[in-house]
Amino acid sequence: MSMIAAFYSNKSVLITGATGFLGKVLMEKLFRTSPHLKVIYILVRPKSGQTLQERVFQILNSKLFEKVKEVCPNVHEKIRPISADLNQRDFAISKEDMQELLSCTNIIFHCAATVRFDAHLREAVQLNVIATQQLLLMASQMPKLEAFIHISTAFSNCNLSHIDEVIYPCPVEPRKIIDSMEWLDDSIIDEITPKLIGDRPNTYTYTKALGEMVVQQESGNLNVAIVRPSIVGATWQEPFPGWVDNLNGPSGLIIAAGKGFLRSIKATPMAVADLIPVDTVVNLTIAVGWYTAVHRPKSTLIYHSTSGNLNPCNWYKMGLQVLATIEKIPFESAFRRPNADFTTNNFTTQYWNAVSHRAPAIIYDFYLRLTGRKPRMLKLMNRLLRTISMLEYFINHSWEWSTNNTEMLLSELSPEDQRVFNFDVRQLNWLEYIENYVLGVKKYLLKEDLAGIPKAKQHLKRLRNIHYLFNTALFLIVWRLLIARSQMARNIWFFICPMYL
Ligand SMILES: CCCCCCCCCCCCCCCC(=O)SCCNC(=O)CCNC(=O)[C@H](O)C(C)(C)COP(=O)(O)OP(=O)(O)OC[C@H]1O[C@@H](n2cnc3c(N)ncnc32)[C@H](O)[C@@H]1OP(=O)(O)O
Ligand SMILES: NC(=O)C1=CN([C@@H]2O[C@H](COP(=O)(O)OP(=O)(O)OC[C@H]3O[C@@H](n4cnc5c(N)ncnc54)[C@H](OP(=O)(O)O)[C@@H]3O)[C@@H](O)[C@H]2O)C=CC1
């Protein structure tokens, strides 16, 4: 019997960010391994015209939750959505709900965050720092609370190249930042943002670092731990390989490459691609919850959920495998034949952006105009290039994360727990994982049927023929112009031609 699964039986768990990528997988695994869990409270806001109930219904009826229903048929009764907005004072939770949360919660997993790299500092501080502070305050009023697990990111200290499992202080105290957000207007915040974030690339990593400081400074007597995942990717094994449901991190770029939009990207091919499957992060997080509650470590332990130091893979190998898989299992209706390459300096990047990204988009828009349709490709391409520019920092640097606490925890688990809550990334076969990831992107993100593969291959053949035809026509036109205008070109032509006559 799994000790960890048994620990969660009869517990009341509170999850923030349960509607997000990581939160959903966390909820699924908790229910599947501990079907006798008492309740999971999830703090949810109404969104996109959907009520809380509709949002929960949609999650429970998704493919991700199919297996759970077999082991825990009454799962819908065990999820208790609480209407909450983490941007509001007291999270805008009703008095009755708050009372229930305060008196019943045993474990908190704080996953909610804004993960947007371009979030305004005010917005990022609000969610990644102030909401964390408020949740800690709530937690301090929970008599039954056994553990508070905060999800941060391995990139919160990406300004360093070697990162230990410790909290590194930011020059300005989080309290000062929080205070200043109350009276500074947006234009002044915009001005000071670059100075505050310093050598970090964005407000996301900066505010996640501030969030960690808040956890350290304001957790009082709580039993707290921090999990720091690197780039979270599709599931490795559970509940099935390759599940993914958002465009963050590599997923959006896999689509862009597979559909032939992304032809080149500035990357350091040999830099470590520190991806970590979402189910690995979740297994570690659940184990951390158990360990923190049962062993009550004296200080706040930080756990790196990274792959680089134990089982490294680089961007070159990853890119090749993405392309190899796309060739075997192509995506439907590609814009161009998938053939993404890495560039290593700004000049070649700009060149390929003009030649391989913008020029074909402009030509395609011209064709759309000619056929009476609205041009849209250049706009889409510019958006993609903006996204890539935001991700570039992470594919052009390498970091070394120490994983002593994570390895210590693994050694503390029983063999059964090591199996059920496997977070030993050394067992990951990258080529197999990437193949399943690409397949998962096709099935779960693009919702493409595998029966459409022959048609997709046919489409790629047609694109190849158009490509050859276009290149031949372009060559002939250029050559013809050269012959008309240059004596040297004419001489070369007459020199070559007799050989073939
Ligand atoms: C050969 C292959 C090699 C593979 C090579 C992998 C490289 C792998 C890099 C890893 C990168 C590390 C990541 C750090 C790991 C954390 O710790 S952070 C967690 C991850 N967070 C993120 O990835 C957030 C990144 N995204 C953002 O910040 C924002 O989406 C952006 C990039 C600023 C764009 O903002 P925006 O212009 O307001 O656009 P937004 O409304 O978000 O979306 C606009 C459109 O772009 C699309 N889009 C959004 N994100 C993406 C995306 N990532 N890609 C493509 N399209 C996207 C949306 O679907 C949307 O399309 P429509 O629905 O309009 O058709
Ligand atoms: N994805 C990644 O690559 C990595 C993620 N992380 C960390 O993991 C955690 C989870 O990330 P991930 O699941 O990918 O992110 P998602 O963007 O998928 O999920 C974010 C979650 O936070 C919720 N949320 C955001 N704002 C509010 C609000 N005002 N009130 C209530 N809920 C809110 C979202 O709810 P809603 O559905 O309503 O928007 C959603 O459930 C984060 O802390 C992130 O920093 C760390 C490293 C890498």
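Quick notes on the rules
Residues numbered from 1 in each chain as written. Chains lettered and ligands numbered in written order. Predicted model: local features only at pLDDT ≥ 70, side-chain atom pairs only at ≥ 80, totals over all residues. Heavy atoms only, no water. UniProt positions renumbered as here; feature names shortened; annotations may be inferred. Near = heavy atom within 4 Å. Polar contact = N/O pair within 3.5 Å; in protein donor to acceptor, adjacent residues only side chain to side chain. Areas by Shrake-Rupley, 256 points an atom, 1.4 Å probe, with all protein chains shown as cover. Helix = DSSP H or I, 4+ residues; strand = E, 2+ residues; numbered from the N terminus. Core = buried A, V, L, I, M, F, W, Y, C linked by side-chain atoms within 4.5 Å. Buried < 20%, exposed > 50% of the residue type's maximum accessible area, 1.4 Å probe, protein only. Contact = heavy atoms within 4.5 Å. Salt bridge = Lys/Arg side-chain N within 4 Å of Asp/Glu carboxyl O. Disulfide = S-S within 2.5 Å. Phe/Tyr/Trp six-rings, centres within 6.5 Å; stacked < 30°, edge-to-face > 60°. Lys NZ or Arg CZ within 6 Å of the ring centre and 35° of its normal.

- By the naming in an unreviewed UniProt entry, the protein is Fatty acyl-CoA reductase, taken from Peromyscus maniculatus bairdii.
- Word for word, the UniProt comment on the protein under Sequence similarities (unreviewed entry) is "Belongs to the fatty acyl-CoA reductase family."

1. A word on the site of ligand 2
- Taken together, 26 residues surround ligand 2, and among them Thr 19, Lys 47, Arg 55, Tyr 204 and Lys 208 come closest.
- Taking Phe 21, its main chain carries an N or O atom lying 2.9 Å from an oxygen atom of ligand 2.
- At a separation of 2.8 Å, an oxygen atom of ligand 2 approaches a polar side-chain atom of Lys 208.
- Coverage of ligand 2 by the protein chains reaches 90% of its 890 Å² of free accessible surface.
- Counting only elements with at least two residues in the shell around ligand 2, the list comes to α2 (21-33) and α10 (203-218).

2. Digging into the nonpolar core
- Among the nonpolar cores identified, the biggest contains 107 residues, and Tyr 8, Ile 15, Met 27, Leu 30, Phe 109 and Leu 409 are the most heavily contacted of them.
- Residue contributions to this core peak at 10 residues, all from helix α12 (residues 278-295).
- Sequence-distant contacts of Tyr 8, that is, excluding residues within four places in its chain, are made with Val 13, Leu 30, Ser 34, Leu 37, Ile 107, Phe 109, Ile 286, Gly 289 and Trp 290.
- Ranked by size, the runner-up nonpolar core spans 45 residues in total, among them Leu 86, Ala 112, Ala 209 and Val 224.

3. Thoughts on the pattern of salt bridges
- Under the counting rule described, the total for this entry stands at 18 salt bridges.
- When the shortest N-O distance is used, the salt bridge between Arg 80 and Glu 100 registers 2.7 Å. A residue pair is termed long-range when its members are at least 10 positions apart, and Arg 80 in strand β3 (residues 79-83) and Glu 100 in helix α6 (residues 95-104) qualify at 20 residues.
- One salt bridge connects Lys 328 with Glu 435, and the closest N-O pair in it is separated by 3.2 Å. Of this pair, Lys 328 sits in helix α13 (residues 315-328) while Glu 435 is found in helix α18 (residues 430-445), placing the two residues 107 residues apart along the sequence.
- Via salt bridges that share partners, Glu 28, Lys 29, Arg 32 and Glu 238 belong to a single interconnected network.

4. A closer look at the state of the cysteines
- According to the stated counting rule, one finds 0 disulfides in the structure shown.
- No disulfide involves Cys 72; its nearest neighbouring cysteine sulfur is the one of Cys 104, lying 18 Å away.
- Residue classification places Cys 72 among the buried positions, given a relative accessible area of 1%.
- Cysteine Cys 170 remains unbridged, with the sulfur of Cys 158 as its closest cysteine sulfur at 11 Å.
- Residue classification places Cys 170 among the buried residues on the basis of a relative accessible area of 5%.

5. Topic: the site of ligand 1
- The immediate surroundings of ligand 1 are formed by 22 residues, with Arg 116, Phe 117, Leu 247, Arg 383 and Arg 386 found nearest.
- One of the backbone nitrogen or oxygen atoms of Val 115 is found 3.3 Å away from a nitrogen atom of ligand 1.
- Within the contact set of ligand 1, an oxygen atom lies 2.7 Å away from a side-chain nitrogen or oxygen of Arg 383.
- Alone, ligand 1 offers 1300 Å² of accessible surface; in the complex the protein occludes 78% of this.
- Going through the elements one at a time, α11 (250-258) and α15 (377-395) are the ones with two or more residues in the shell around ligand 1.
- For the shell around ligand 1, the element with the highest residue contribution is α15, accounting for 7 residues.

6. Comments concerning the UniProt feature "domain: Fatty acyl-CoA reductase C-terminal" (unreviewed entry) in the protein
- As annotated by UniProt and renumbered to match this structure, "domain: Fatty acyl-CoA reductase C-terminal" (unreviewed entry) occupies residues 357-448.
- Spanning residues 357-448, this segment combines 70% helix with 2% strand, and its end C-alpha atoms are found 25 Å apart.

7. Here we look at the packing of aromatic side chains
- On inspection of all chains with the given rule, the structure shows 20 aromatic pairs.
- A ring pair is formed by Phe 21 and Trp 243, whose centres lie 5.8 Å apart and whose planes are at 25°; its orientation type is stacked. Of this pair, Phe 21 sits in helix α2 while Trp 243 sits in the loop between β8 (231-233) and α11, placing them 222 residues apart in sequence. As far as burial versus exposure is concerned, Phe 21 and Trp 243 are alike and both buried.
- Look at Tyr 364 and Tyr 367: their rings are 5.8 Å apart centre to centre, the planes differ by 45°, and that puts the pair in the tilted class. Taken together, the residues Tyr 364 and Tyr 367, both in helix α14 (residues 346-370) and 3 residues apart, mark about one turn of the helix.
- What makes Tyr 364 partly exposed here is its relative accessible area of 25%.
- Residue placement shows Lys 63 over the ring face of Phe 240; its charged tip is 5.1 Å from the ring centre.

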